[in-house]
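One-letter residues, chain by chain:
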2 protein chains.
Amino acid sequence: MAVCSVLDDNELYALEAIMSTRKLAANEMLLEEGEPKKRVFSLTSGVIRLYTSLPDGRRQIAGFLFPGDYIGLADDEVYSQSAEAVIPSVLCSFSARDMDELMGQFPKLKERLYQMTRIALRAARDNQLVLGRLAPVEKLASFLLLLSARAEQRGEPANPVHLVMNRIDIADYLGLTIETVSRSFTKLKTQGLIHLPDANTVEILSHRSLSAVAGINPHI
Amino acid sequence: MAVCSVLDDNELYALEAIMSTRKLAANEMLLEEGEPKKRVFSLTSGVIRLYTSLPDGRRQIAGFLFPGDYIGLADDEVYSQSAEAVIPSVLCSFSARDMDELMGQFPKLKERLYQMTRIALRAARDNQLVLGRLAPVEKLASFLLLLSARAEQRGEPANPVHLVMNRIDIADYLGLTIETVSRSFTKLKTQGLIHLPDANTVEILSHRSLSAVAGINPHI
DNA sequence: CGTGACTTTGATTCGCCTCAAAGAAGGTGG
DNA sequence: CCACCTTCTTTGAGGCGAATCAAAGTCACG
């Protein structure tokens, strides 16, 4: 899954030589939109939110990054979005310059990053549909299915979905307010599609019905 | 701008050898979401819309492609979105297999496609903010500025923006209805920010104020 | 000049946002 | 260990704005 999953021992050694570790507390900022792209990162543990802010305080979260995800895929000279830790997180940190050099040496590394960029592009475009054309309950259903699918990819259980982010983050990801997010949870609960033992745990009772509500099944 | 802009004569020759030409009438479909990715394309002239549809007919246009743009950047095995001509268009068509092979031979070609993918990712993420957090008038203002900037990139005049797409397309791109798009045009007109000699021509009267309304200035 | 497609404008409805407050959970200090 | 405080979530009431429904206006074309 991670960027290094395609590398052999020799390549891994070269990668580790230019690597350092960065730890973040919850809500600590990693980088800010507009800064020169000096370093790139690979997430080891934790969760990161990638977002853009408007001058008046409105915020759009473009995505949540999980272990194995890479930070800096979209950017050339400067970071195009800000990144903050959602929960305490650990990252591998690389000089962007060193990484570029290594990409030149190891085609497999470059190919892997290129592939991850394509995956990120598909995810962003899927999200455009969610933001532009889905109703609040549909948005939430699609979000829960996405989290479930991503947990499964990481080898974690797909079904009791653990929400590491709060309602504000979910709202800012789905283009809603926290009240509407909360009401949408209640609707899904009332319809018998999910169970909420606590505010941060979602048990999907009917994957099939939830997919129908979402209108789509996310293919990431 | 186009994929071939970074190639030398030798490389161009190899590219032309595997190329064929595809012409599309207005509203003709080029490819459909889910089909195996047999061919990739570079747009020579015209405009293409890239979109996703829901079973109930709702549609989200992820973006409009202009001359120089590439079709197939996001996809691996299958196309992740459908593509149709907005107006009569001409494309260079390549076998995806041949193109992959050529990318292996010519690093500059691969690098260029990688770069175009990063640009597309930034555009998609910018659009997430537009879809999720901007009000209708703000959405339209940002769309007009985007079209203006893209025209300038192609060496065309930036100011009288020519709308090649109809209100339905604009609505499906911005996550609105055609009525709201039309009313937003009227609002921008009333505020003295634009002038509409006819429904498909927008004269930007105050780039500054329009940017302020949009809340952001698109950096693509 | 008539027809069809597209755009604009108007009237009404519905749903999300806003404002407000209560309820639940976690942390701190007494 | 419990009372208190803060933060987060849920629920309620009301207003506003975009969608919907409807119709008129505009334009291109035959």
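Keep in mind it's a predicted model, so treat the numbers as computed, not measured.

Student: What is the right way to look at the UniProt feature "domain: HTH crp-type" (unreviewed entry) in chain A in this model?
Tutor: Per the UniProt record, "domain: HTH crp-type" (unreviewed entry) is annotated on residues 134–208 of chain A. Each end of residues 134–208 of chain A is marked by a C-alpha atom, and these two atoms are 18 Å apart; helix forms 55% of the span and strand 16%.

Student: I keep staring at the protein's contact with DNA strand D and nothing clicks. Help me out?
Tutor: In the vicinity of DNA strand D there are 14 residues, among which A:Arg167, A:Arg183, A:Thr186, B:Thr180 and B:Arg183 approach most closely. Sugar and phosphate atoms represent 64% of those atoms of DNA strand D found within 4 Å of the protein. In this structure, a phosphate oxygen belonging to DNA strand D sits 2.8 Å away from a side-chain N or O atom of A:Arg167. Separating a base nitrogen of DNA strand D from a side-chain N or O atom of B:Glu179 is a distance of 3.1 Å. Here the surface near DNA strand D takes four residues from helix H6 (residues 178–190) of chain A, the largest share from any one element. Of the residues contributing to the surface near DNA strand D, the split by class is three nonpolar, six polar and five charged.

Student: Honestly, the UniProt feature "domain: Cyclic nucleotide-binding" (unreviewed entry) in chain A in this entry has me stumped. Any pointers?
Tutor: Sites flagged by UniProt as "domain: Cyclic nucleotide-binding" (unreviewed entry) map to residues 3–72 of chain A. Measuring from the first to the last C-alpha atom of residues 3–72 of chain A gives 12 Å, for a span that is 13% helix and 44% strand.

Student: Can you help me understand helix H5 (residues 167–174) of chain B in this one?
Tutor: Residue pairs three or four apart in sequence face the same way in an α-helix, which turns once every 3.6 residues. Burial analysis of H5(B) places seven of its eight residues in the buried class, which makes it a mostly covered element. The set of residues buried in H5(B) consists of B:Arg167, B:Asp169, B:Ile170, B:Ala171, B:Asp172, B:Tyr173 and B:Leu174. Buried residues belonging to H5(B) abut helix H3 (107–133) of chain A together with strand S4 (48–53), strand S5 (59–65), helix H3 (107–133), helix H4 (136–153) and helix H6 (178–190) of chain B. The N-capping residue of H5(B), defined by a side-chain oxygen 3.2 Å from the backbone nitrogen of B:Ile168, is B:Asn166. Immediately downstream of H5(B), the backbone of B:Gly175 shows phi near 70 degrees, a positive value.

Student: Help me understand the domain arrangement of chain A, please; the structure alone is not making it clear to me.
Tutor: Residue and element names in this part refer to chain A. We note that the domain assignment places domain 1 (3–128) and domain 2 (134–214) within chain A. Its C-alpha centre places domain 1 at a distance of 25 Å from the equivalent point of domain 2. Taken together, the contact pairs 14 residues of domain 1 with eleven residues of domain 2. Counting the surface lost from both domain 1 and domain 2, the interface buries some 1,100 Å², and carbon and sulfur atoms represent 56% of this. Sorting the residues of domain 1 by area buried against domain 2 places Arg59, Phe64 and Phe66 first, and these three jointly supply 47% of that buried surface. Here domain 1 is connected to domain 2 by four salt bridges. Scanning the region where domain 1 abuts domain 2 turns up eight residue pairs in polar contact (both at pLDDT 80 or more). With six residues, strand S5 (residues 59–65) is the single largest residue contributor to the side of domain 1 that touches domain 2. Here the residues of the side of domain 1 that touches domain 2 are counted per class, giving eight nonpolar, three polar and three charged.

Student: I keep staring at the sheet that holds strand S10 (residues 194–198) of chain B and nothing clicks. Help me out?
Tutor: Residue and element names in this part refer to chain B. Pairing is antiparallel in the open sheet, where three strands are placed in the order S9-S11-S10. Every interior strand has two partners, whereas the edge strands, strand S9 (160–162) and S10, have only one. On average, each strand axis in the sheet is inclined to that of its neighbour by 25 degrees, with strand direction left out of account. Of the strand pairs in this sheet, S9 and strand S11 (residues 201–204) are connected by three bridges, and their pairing is antiparallel. Residue pairing across strands places His162 opposite Thr201, the latter belonging to S11. Those strands touched by H6 are S10 and S11, and its axis lies near 120 degrees from that of S10.

The rules behind these values
Numbers given to residues run from 1 along each chain, matching the order in which its sequence is written. As a convention, the first chain written is A and the first ligand written is 1, with the rest following in written order. In view of the model being predicted, local features appear only for residues whose pLDDT reaches at least 70, and side-chain atom pairs are presented and counted only at 80 or more, with totals across whole chains, interfaces and linings using the full set of residues. Only hydrogens and water are removed before side-chain values are computed, so all heavy atoms of the structure are retained for them. UniProt positions are given in the numbering used here, feature names are shortened, and annotations may be inferred rather than shown by experiment. In this text, helices come from DSSP runs of H or I with a minimum length of four residues, and strands from runs of E with a minimum of two, each type numbered from the N-terminal end. A single heavy atom is enough: if one lies within 4 Å of a molecule or strand, its residue is considered near that molecule or strand. The term polar contact refers here to a pair of N or O atoms within 3.5 Å; inside protein, the definition further demands a hydrogen-donor-capable atom paired with an acceptor-capable atom, and it admits residues adjacent in sequence only when both atoms are side-chain atoms. Ten residue types, Ala, Val, Leu, Ile, Met, Phe, Trp, Tyr, Cys and Pro, are classed as nonpolar, four, Asp, Glu, Lys and Arg, as charged, and the remainder, Gly among them, as polar. Relative accessibility under 20% of the residue-type maximum defines a buried residue, over 50% an exposed one, and the middle range a partly exposed one, all with a 1.4 Å probe and only protein chains included. Here, residues are in contact when the closest pair of their heavy atoms is within 4.5 Å. How far each domain reaches was decided by an automatic or database domain assignment. Accessible area, probed at 1.4 Å, shrinks when two parts are joined; the buried area is that loss added up over both. Within this document, salt bridges are pairs made up of a side-chain nitrogen of Lys or Arg and a carboxyl oxygen of Asp or Glu, the two lying within 4 Å of each other. The pairing criterion is simple: DSSP has to find at least two bridges between the two strands. For every element, the axis is a line fit to its C-alpha atoms; helices are fit only across the contacting stretch, and the angle between N-to-C directions ranges from 0 to 180 degrees.

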